[in-house]
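A closer look at the structure
The primary structure of each chain is shown beneath.
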Amino acid sequence: MYTQALNTSDADDRHIEDAGRAAAFQARIDAEERIEPNDWMPAAYRKTLTRQISQHAHSEIVGMLPEGNWITRAPSLRRKAALLAKVQDECGHGLYLYAAAETLGASREELVDLMLAGKAKYSSIFNYPTLTWADIGVIGWLVDGAAIMNQIPLCRCSYGPYARAMIRVCKEESFHQRQGYEIMLTLARGSEEQKAMAQDALDRWWWPVLMMFGPPDQASQHSDTSTMWKIKRFSNDELRQKFVDATVPQAQYLGLTIPDPGMKQNADGHWEYSAIDWDEFKQVLAGNGPCNRDRLAARRKAHDDGAWVREAAQAYAEKRKHRQVAQAAE
Amino acid sequence: MAVASISVSETPLVLYTLRLADDALILGHRLSEWCGHAPILEEDMALANMGLDLLGQARELYSYAAKVEAKGNDEDKLAYLRDVRQYRNLLLLEQPNGDFAQTMARQFFYSAFADLYWRAMMKSGDATLAAVAAKSEKESAYHLRHSSEWMVRLGDGTAESHARAQAAIDHLWAFTGEMFCTDAGERGLVDAGISVDPASLRSQWLRTVADVVGEATLDLPSSGWMQQGGRDGRHSEHLGHLLSELQSMQRTFPGAVW
Ligand SMILES: [Fe+2]
Ligand SMILES: [Fe+2]
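So, here's what we can say about the structure. Here the residue index of a chain counts from 1 through its sequence in written order. Think of it this way: whatever chain is written first is A, whatever ligand is written first is 1, and the rest follow in order. Reporting in this predicted model follows two pLDDT cut-offs: at least 70 for local features of residues, and 80 or more for side-chain atom pairs to be given and counted; totals over whole chains, interfaces and linings ignore these cut-offs and use all residues. The basis for every side-chain value is the complete set of heavy atoms in the structure, and neither hydrogens nor water enter the calculation.

Notes on the overall build of chain B
Put simply, DSSP H or I for four residues or longer makes a helix, DSSP E for two residues or longer makes a strand, and each gets a number counted from the N terminus. Counting its secondary structure elements, chain B contains eleven helices and zero strands. Going from N to C terminus, chain B has its helices and strands arranged as α-α-α-α-α-α-α-α-α-α-α. Throughout, radius of gyration means the C-alpha value; the globule benchmark is 2.2 Å times the number of residues raised to the power 0.38. Expected size for 258 residues packed as a compact globule is a radius of gyration near 18 Å; at 18 Å, chain B falls within 12% of this value. With the C-alpha coordinates aligned to their principal axes, the bounding extent of chain B is approximately 55 × 40 × 30 Å. Contacts are residue-level and defined by heavy atoms, with any inter-residue pair within 4.5 Å sufficient. If you take every contact in chain B between residues at least 6 apart in sequence, the share linking residues at least 24 apart comes to 81%. Exposure was quantified through the Shrake-Rupley algorithm and a 1.4 Å probe, taking into account, for residues, occlusion by the shown protein chains and nothing else. Carbon and sulfur atoms make up 55% of the accessible area of chain B, which amounts to about 9,600 Å² in all.

Digging into the pattern of salt bridges
The working definition used for a salt bridge is a side-chain nitrogen of Lys or Arg within 4 Å of a carboxyl oxygen of Asp or Glu. Evaluation of the coordinates by the stated rule reveals 35 salt bridges over all chains. The shortest N-O distance in the salt bridge between Arg78(A) and Glu182(A) comes to 3.7 Å. In this pair, Arg78(A) sits in helix α4 (residues 77–102) while Glu182(A) sits in helix α7 (residues 160–188), placing the two residues 104 residues apart along the sequence. Buried, partly exposed and exposed residues are distinguished by accessible area as a fraction of the type maximum, computed with a 1.4 Å probe on protein chains only: under 20%, between the cut-offs, and over 50%, respectively. Overall, the relative accessible area of 41% leaves Arg78(A) in the partly exposed class. Relative accessible area serves as the criterion here: at 31%, Glu182(A) is assigned to the partly exposed category. Between Glu60(B) and Lys135(B) there is a salt bridge whose closest N-O contact spans 3.3 Å. On the criterion of sequence distance, the pair formed by Glu60(B) in helix α2 (residues 41–69) and Lys135(B) in helix α6 (residues 127–155) is long-range, its members being 75 residues apart. The network of salt bridges with shared partners includes Arg19(B), Asp183(B), Glu186(B), Asp232(B) and Arg234(B).

A short note on the interface of chain A and chain B
Chain A puts 44 residues into the contact, and the matching count from chain B is 48 residues. Simply put, the buried area is the total loss of 1.4 Å probe accessible area from both parts when two parts are fitted together. Of the roughly 4,000 Å² buried between chain A and chain B on both sides combined, carbon and sulfur atoms contribute 69%. For chain A, the biggest contributors to the area lost against chain B are Leu77(A), Gln88(A) and Trp308(A); these three give 20% of the whole. At the junction of chain A and chain B, the tally comes to three salt bridges. For the salt bridge of Lys319(A) with Asp156(B), the shortest nitrogen-to-oxygen distance reads 3.1 Å. Residue assignment for the side of chain A that touches chain B shows that the elements contributing at least two residues are α3 (64–68), α4, α7, α8 (192–211), α12 (292–305) and α13 (307–329) of chain A.

Structural notes on the coordination of the iron ion (ligand 2)
Residues and elements named next belong to chain A. The iron ion (ligand 2) binds to the protein through Glu-90 (OE), Asp-144 (OD), Glu-173 (OE) and His-176 (ND1), with metal-donor distances spanning 1.8 to 2.3 Å. Here the coordinating atoms are restricted to nitrogen, oxygen and sulfur within 2.8 Å of the metal centre, or 3.2 Å for Na, K and Ca, and because water is not among them the sites may look incomplete. Geometry is assigned from donor-metal-donor angles: four donors are tetrahedral when every angle falls between 85 and 135 degrees, four are square planar and six octahedral when opposite donors sit over 155 degrees apart with all other angles between 65 and 115, and any other arrangement is irregular. Coordination at the iron ion (ligand 2) is irregular, judged from the four donor atoms that bind it and the angles of 90 to 146 degrees they form at the metal. Expressed as a motif, the donor residue spacing for the iron ion (ligand 2) is E-x53-D-x28-E-x2-H. Here the iron ion (ligand 2) and the iron ion (ligand 1) are spaced 3.5 Å apart, with Glu-90 acting as a shared donor. Here Glu-173 lies in helix α7 and Asp-144 lies in helix α6 (residues 133–151), a separation of 29 residues in the sequence. Judged on exposure class, the residue Asp-144 and its partner Glu-173 are both buried.

Remarks on the side chain of Arg295(A)
All names here are of chain A. Relative to the helices and strands, Arg-295 is located in helix α12. Here Asp and Glu are counted as negative and Lys and Arg as positive; His is not counted, and neither are the chain ends. Although buried, Arg-295 forms no salt bridge, and the nearest oppositely charged side chain, Asp-294, lies 6.0 Å from it. Not counting chain neighbours up to four residues away, the residues in contact with Arg-295 comprise Val-62, Leu-65, Pro-66, Tyr-122, Phe-126, Asn-127, Tyr-128 and Pro-129.

A short note on the environment of His171(B)
Residues and elements named next belong to chain B. As for its placement among the helices and strands, His-171 is situated in helix α7 (residues 159–172). Distance in space between the C-alpha atoms of His-171 and Pro-221 is 9.4 Å, their sequence separation being 50 residues. For His-171, the residues in contact, after removing those within four places along its chain, are Gln-95 and Gln-102.

Laid out in structure tokens, this is it:
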């Protein structure tokens, strides 16, 4: 029903019918009803969600790489196990999200292929390198923290499978956030070297984390329809502000300095941050971040090196099926 | 301050417990190297699961070794501040991941052993080891099932996967004999009912392995030569590199708490 009709009069009828359906659809959204996979939905809604959910899934999977970089070097057995479990959780998030995207009619394979071809985006934050152990603390504290800010409203997203995936994901993300903060607290109470490591990590990650909320509201492309469809409930700048307000006291408690000398608290209690370097953001999105090439290369290598394994699994499954059929025929 | 390796008073029970702990840590570390790079996401999950099980086993065993030794060591000192000659894991487990077939064959050979071993160890006269065994047996049963399924898929999959699985078996076979060896100290523990004689598990291990390898349309090597040395700290060159990565933070920042 979404393909282009060749017969004009049919197309006109379809158009009228779809206009009626679209109105009914919007009424359901306005009534805060959940849209489920078998429900009628406008093609643009399907497309927007497929793009957003798959980008989210790619982010979880590419996001395994910067933290995975420290699993083999984690400084204690407890930290090693916690980090491995955390990165495994992110993989799980990727799986739920690909499954949610598949309910919209896309296959995981085609979505992954788009990402590997560089045609689908993932969160720009994962194009920055993890240089020290403190980066693992900062990622948990701030990157997972920012993800939670973005994702809590998505638990009420109009599309049922996405909303349900987000409820599950948010629980784990808040655990990651606490774990990251606990790493930071340990560093902040440690040696001078450890404190310096913590501050350096905050210095490097602060601005890229603020960019995670996306372009400023005046420049954002997708917000209008996403808001109408209740996919998005807060603007980028609103979420960014919430995040900054929540984070400043946490940094103060750690005794760390947010690398924004111009930051000040306004009379209304909100923390006002300085201008974000959106040129840097654009460069990273365009593929010129410090790790874009490495991240894609690592995902492509895993995919290519694993091809023979996936082929083997498929070949075996087919052989088995044939044998069962042959047995049944005997 | 230089970061010297610790010294460990290796009574038979301490040494024995360290061997088991080192097995779990080194294999767990190898599996964790896959994280983010596996052939499919489901396998990223499974390899991490097995790695986490093994890290959990390692932590309990190191803590117990430290408690028995009672010289102020702890799980992290034992893991991060012993050098390559003090590590006592099986050579099999330190072998590099190689391709996915090599990782699975390593897991399969070891899990087929560990499952039998931990089941027997549930009757250990040492209550702590018996408790570790009870938990580890459940875990290794899953590791065995998972790796067996992959051996069959790879062996009976495509021509390429068959060739890779066979190459993995041929490559790793010589490291399997060490699993069944004991020394005088360990034999004392066997006599005391604290540990079990792994040699008594060999025929059953071979049956399990031969069954799966047969179903996978693969062959076991006929060569009988077996490498040894891991239990005495005579390792392959691979372990030193693994340890230099594993231990880098503790060696760089002496005494820091993380
Ligand atoms: Fe996540
Ligand atoms: Fe997370």
